[in-house]
Amino acid sequence: MGMFENLIKGNLPHYTRKIRHIRQLLRHSTPRKLANLAKAEWSLSRGHVVLQSKPYIYIIDPCNACDLRCPLCPTGARTLNRSTRMMSLECFQGLIDQVKPYAVEIILYSWGEPFLHPQIFDMVRYAQKNNIGTNISSHFNHITDEMIDRIIDSGLENISISLDGVSQEVYQVYRVNGKVDDVISGIRRLQLRKKERKSRTPNVEWQFIVMKHNEHEIPQAEKLARDLEVEQFRLLGVGLPFEELTNQTLAEQWISDTPEYRGYHPEKILQRGYLYDESCFYPFRTLVINPDGGVAPCCAISHEQWDFGDVHKESLWDIWNNRKYQSARSLFSRHPVAERVPTVCDGCLLYNQKSPFPRSENSTDSSQSSRVQDPVLG
Ligand SMILES: C[S@@+](CC[C@H](N)C(=O)[O-])C[C@H]1O[C@@H](n2cnc3c(N)ncnc32)[C@H](O)[C@@H]1O
Ligand code: SF4
Ligand code: SF4
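Residues numbered from 1 in each chain as written. Chains lettered and ligands numbered in written order. Predicted model: local features only at pLDDT ≥ 70, side-chain atom pairs only at ≥ 80, totals over all residues.

### Observations concerning the overall build of the protein
Point 1. Within the protein, the regular secondary structure consists of 15 helices and 9 strands.
Point 2. For the protein, restricting intrachain contacts to residue pairs at least 6 apart in sequence, the fraction spanning at least 24 positions comes to 73%. (Helix = DSSP H or I, 4+ residues; strand = E, 2+ residues; numbered from the N terminus. Contact = placed C-beta atoms within 7 Å.)

This is the structure:
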């Protein structure tokens, strides 16, 4: 199902993020971007394997280093299988120059802490200057007053702050090495400074990942969110790493028993063979570029060995229609592909490869999609 149909039917996974995507579309669209988006959505709904359209959402990871050790994050667990790098400002600007005719929004994080990049604010400013909406997710530890002013000055539109608890004891179970008071103080100071400077941006979302050990703190967190006057409070069921999607032991340890936060539980995958009863949209809408220039098919994939290309070696648009992209799209399509090559998408447990495009109306299981929210795209 395409984005337009989803919007009309109210089927996108989460209300707050839906508003965010629409707002960026309204703010940053041009006739050319809209025409490209319509073409991309048409190709998605038809299951084309060679695309005339370009991606309209870009995930560009400035930095895959992090000072926290979240156990289910490959960066925190040290299982990323990619060298730790900072993307240079020049590389970032070169990418923006290529994608700006098509990009509605850019997501400036994937596998690291974006505020560790010394030129993150220049990156945000450059994207904004080129009429692209900007989004960051951060653990928000060690945020100084000077950084708060720089965040506001950069024009950053949306920030999602990862804060999964209100007491240090509970917070540090997942955000290992993080300090809860530091994060709360950072949010308080950001909201205050926005008021003082009469700035509406960045829009602040408190993202609370619900896990077994922190669920009891949700009511206190909601109360604090109101007190801090964050613009959104978002609850999200915890996910397991791509390679561990069917790991029952990990699920037992981390995933809540409350049905609405069990969206990523292996029981769904083991029952029906996939998590989302829909075809994957990433190879039609989104391009993911890592700090080393490696292009991954989506934000679930971190290993370098599964890259679809390298922006330092090939042109962006050659990569977008290369054999790997065509093969990945063909998994969700009835159209043949000229030369199939194996990719990480073969056997991916996230999307239903048995119901290729064009889809039947009855095949959407919206009760599932409303329970499962993508932490990056939402
Ligand atoms: C890898 S992090 C990078 C950005 C930043 N370091 C942060 O944590 O916000 C990207 C997103 O994944 C979320 N995340 C981390 N572990 C997760 C998990 N096990 N399930 C779902 N989302 C998770 C983070 O909260 C963040 O929103
Ligand atoms: S703070 Fe973000 S990047 Fe760092 S380990 Fe945790 S989830 Fe991963
Ligand atoms: S099929 Fe799976 S691995 Fe491939 S892009 Fe989609 S979610 Fe990622």
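### Quick notes on the site of ligand 2
Point 1. In the vicinity of ligand 2, the contacting residues are Cys66, Leu68, Cys70, Cys73, Thr75, Gly76, Gly112, Glu113 and His139.
Point 2. Among the residues forming the shell around ligand 2, the class breakdown is 4 nonpolar, 4 polar and 1 charged. (Near = placed C-beta within 6 Å. Nonpolar A, V, L, I, M, F, W, Y, C, P; charged D, E, K, R; others polar.)

### With respect to the environment of Cys63
Point 1. Checked against the element boundaries, Cys63 lands in the loop between strand E1 (57–60) and helix H4 (89–99).
Point 2. Classification of Cys63 as buried rests on a count of 24 C-beta atoms within 10 Å.
Point 3. Placed 228 residues apart in sequence, Cys63 and Pro291 show a C-alpha to C-alpha distance of 5.7 Å.
Point 4. Cys63 has contacts with Met86, Met87, Gly112, Glu113, Pro114, Leu116, His117 and Pro291, leaving out every residue within four places of it along the chain. (Buried ≥ 20, exposed ≤ 12 C-beta atoms within 10 Å, placed from the backbone.)

### A short note on the packing of helix H6 (residues 145–154) against helix H8 (residues 180–196)
Point 1. One way to put it is that H6 packs onto H8 with a least axis distance of 10 Å and a crossing angle of 55°. The angle between the axes of H6 and H8 places the two elements in the oblique class. Relative to H8, the crossing made by H6 is right-handed. Contacts between H6 and H8 involve Asp145, Ile148, Asp149, Ile151 and Ile152 from the former and Arg189, Leu190, Arg193 and Lys194 from the latter.
Point 2. For the contact of H6 with H8, the per-class residue count stands at 4 nonpolar, no polar and 5 charged. (Axes fitted to C-alpha atoms, helices over the stretch in contact; angles between N-to-C directions. Parallel < 35°, antiparallel > 145°, perpendicular 65-115°, else oblique. Left-handed = near helix turned anticlockwise from the far one by under 90°.)

### A closer look at the pairing of E1
Point 1. Alternating residues of E1 divide into Ile57 and Ile59 and Tyr58 and Ile60, and every residue in both groups is buried.
Point 2. Pairing of E1 with strand E2 (residues 105–107) involves 3 bridges; the strand directions are parallel. Bridge pairing in E2 links Ile59 to Ile107.
Point 3. At this point the chain moves from E1, through H4, to the parallel E2, and the crossover so formed is right-handed. (Pairing = 2+ DSSP bridges. Right-handed = clockwise from strand over helix to strand, strands pointing away.)

### Focus: the nonpolar core
Point 1. By size, the foremost hydrophobic cluster in this structure holds 83 residues, and its most contacted members are Tyr58, Ile60, Ala103, Ile106, Leu108, Ile161 and Val288.
Point 2. The element best represented in this core is strand E5 (residues 203–210), accounting for 5 residues.
Point 3. The contacts of Ile161, once residues within four sequence positions are left out, are Ser138, Phe140, Val183, Ile187, Val204, Glu205, Trp206 and Gln207. (Core = buried A, V, L, I, M, F, W, Y, C linked by C-beta atoms within 7 Å.)

### A few points about the confidence of the model for the protein
Point 1. Considering every residue of the protein, the mean pLDDT works out to 91; 90% of them sit at 70 or more.
Point 2. Throughout residues 1–15 the model reports pLDDT below 50, and contacts reaching past four residues in sequence, or to other chains, amount to 26 contacts. (pLDDT = per-residue confidence, 0-100.)

### What to know about the sheet that holds strand E4 (residues 158–162)
Point 1. Strand order in the open sheet made by the 9 strands is E6-E5-E4-E3-E2-E1-E7-E8-E9, with mixed pairing throughout. Two strands bound the open sheet, and with one partner strand each, they are strand E6 (232–237) and strand E9 (309–310).
Point 2. In the sheet, E2 pairs with strand E3 (residues 133–138) via 3 bridges, with the strands oriented parallel. Paired with Ile107 across the bridge in E3 is Asn135.

### What about helix H14 (residues 323–330)?
Point 1. Counting buried residues along H14, 7 of its 8 residues qualify, which places the element largely inside the surrounding structure.
Point 2. Within H14 the residues assigned to the buried category are Lys324, Tyr325, Gln326, Ser327, Ala328, Arg329 and Ser330.

### With respect to the packing of H4 against helix H5 (residues 120–129)
Point 1. Two elements in contact, H4 and H5, have axes whose closest approach is 10 Å; the angle formed by their N-to-C orientations is 15°. Judged by the inter-axis angle, H4 sits roughly parallel to H5. Seen along the crossing, H4 lies across H5 with a hand that is right-handed. On the side of H4, the interface is formed by Leu89, Phe92, Gln93 and Ile96, while H5 contributes Asp122, Met123, Tyr126 and Ala127.

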